[in-house]
Amino acid sequence: EYAGLFSNDDTLAQQLVDAGVAENEKVWRFPLHENYDKMINSQIADMKNVGTGGKAGSITAAQFLARFIRRGTPWAHLD
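Residues numbered from 1 in each chain as written. Predicted model: local features only at pLDDT ≥ 70, side-chain atom pairs only at ≥ 80, totals over all residues. Heavy atoms only, no water.

K.L.:
So what about the overall build of the protein chain? Which residues, and what values?
P.N.:
Counting secondary structure elements, the protein chain contains three helices and three strands. In sequence order, the protein chain lays out its α and β elements as β-α-β-α-α-β. Taking all contacts inside the protein chain whose residues are at least 6 apart in sequence as the whole, residues at least 24 apart take part in 56%. Only carbon and sulfur atoms are counted for the fraction: they give 50% of the accessible area of the protein chain, which is about 5800 Å². (Helix = DSSP H or I, 4+ residues; strand = E, 2+ residues; numbered from the N terminus. Contact = heavy atoms within 4.5 Å. Areas by Shrake-Rupley, 256 points an atom, 1.4 Å probe, with all protein chains shown as cover.)

Dropping the structure here:
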């Protein structure tokens, strides 16, 4: 019914929500937060590409992608 929307930019996120409404492709924005980012930290690698024990899998995936985007660049991921 809904695509998960992750974005670091409120304006871009709202544009995607509005486009979804216009095309009857609903999206629901999920949070990005340092608490979720910590879930992909690793003691033996730069980072893990999976969250911990099935917790917030889509959110930790978006946090993983965020680490590869230049700071200050608006971005969005639909899952």
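Now that the structure is up, let's keep going.
K.L.:
Please provide a residue-by-residue account of the packing of aromatic side chains, values included.
P.N.:
We describe a pair of aromatic rings using the distance from one ring centre to the other and the angle between the two ring planes. Across all of its chains, the model carries four aromatic pairs by this definition. Arranged with centres 6.3 Å apart and planes meeting at 65°, the rings of Tyr-2 and Trp-28 form a pair that is edge-to-face. Here Tyr-2 is found in the segment before β1 (3–7), whereas its partner Trp-28 is found in strand β2 (residues 27–29), with 26 residues between them in sequence. As far as the burial class goes, Tyr-2 and Trp-28 line up, both exposed. Taken together through their ring pairs, the aromatic side chains of Tyr-2, Phe-6, Trp-28 and Phe-30 make up a single cluster. The ring of Tyr-2 carries Lys-26 above its face, with NZ or CZ at 5.1 Å from the centroid. (Phe/Tyr/Trp six-rings, centres within 6.5 Å; stacked < 30°, edge-to-face > 60°. Buried < 20%, exposed > 50% of the residue type's maximum accessible area, 1.4 Å probe, protein only. Lys NZ or Arg CZ within 6 Å of the ring centre and 35° of its normal.)

K.L.:
An account of the sheet that holds strand β3 (residues 76–78) is requested, with residue identities and associated values reported.
P.N.:
Here three strands make up an open sheet; going across it, the order is β2-β1-β3 and the pairing mixed. A single partner strand is all that each edge strand has here, and the edge strands are β2 and β3. Here the average twist between neighbouring strands, direction ignored, is 30°. Strand direction decides the pairing type here: β1 and β2, joined by three bridges, are parallel. What sits directly across from Leu-5, in β2, is Arg-29. Here helix α1 (residues 10–22) sits on the sheet in contact with β1, β2 and β3, set at roughly 160° to β1. (Pairing = 2+ DSSP bridges. Axes fitted to C-alpha atoms, helices over the stretch in contact; angles between N-to-C directions.)

Any link to function would need more than the numbers given here.
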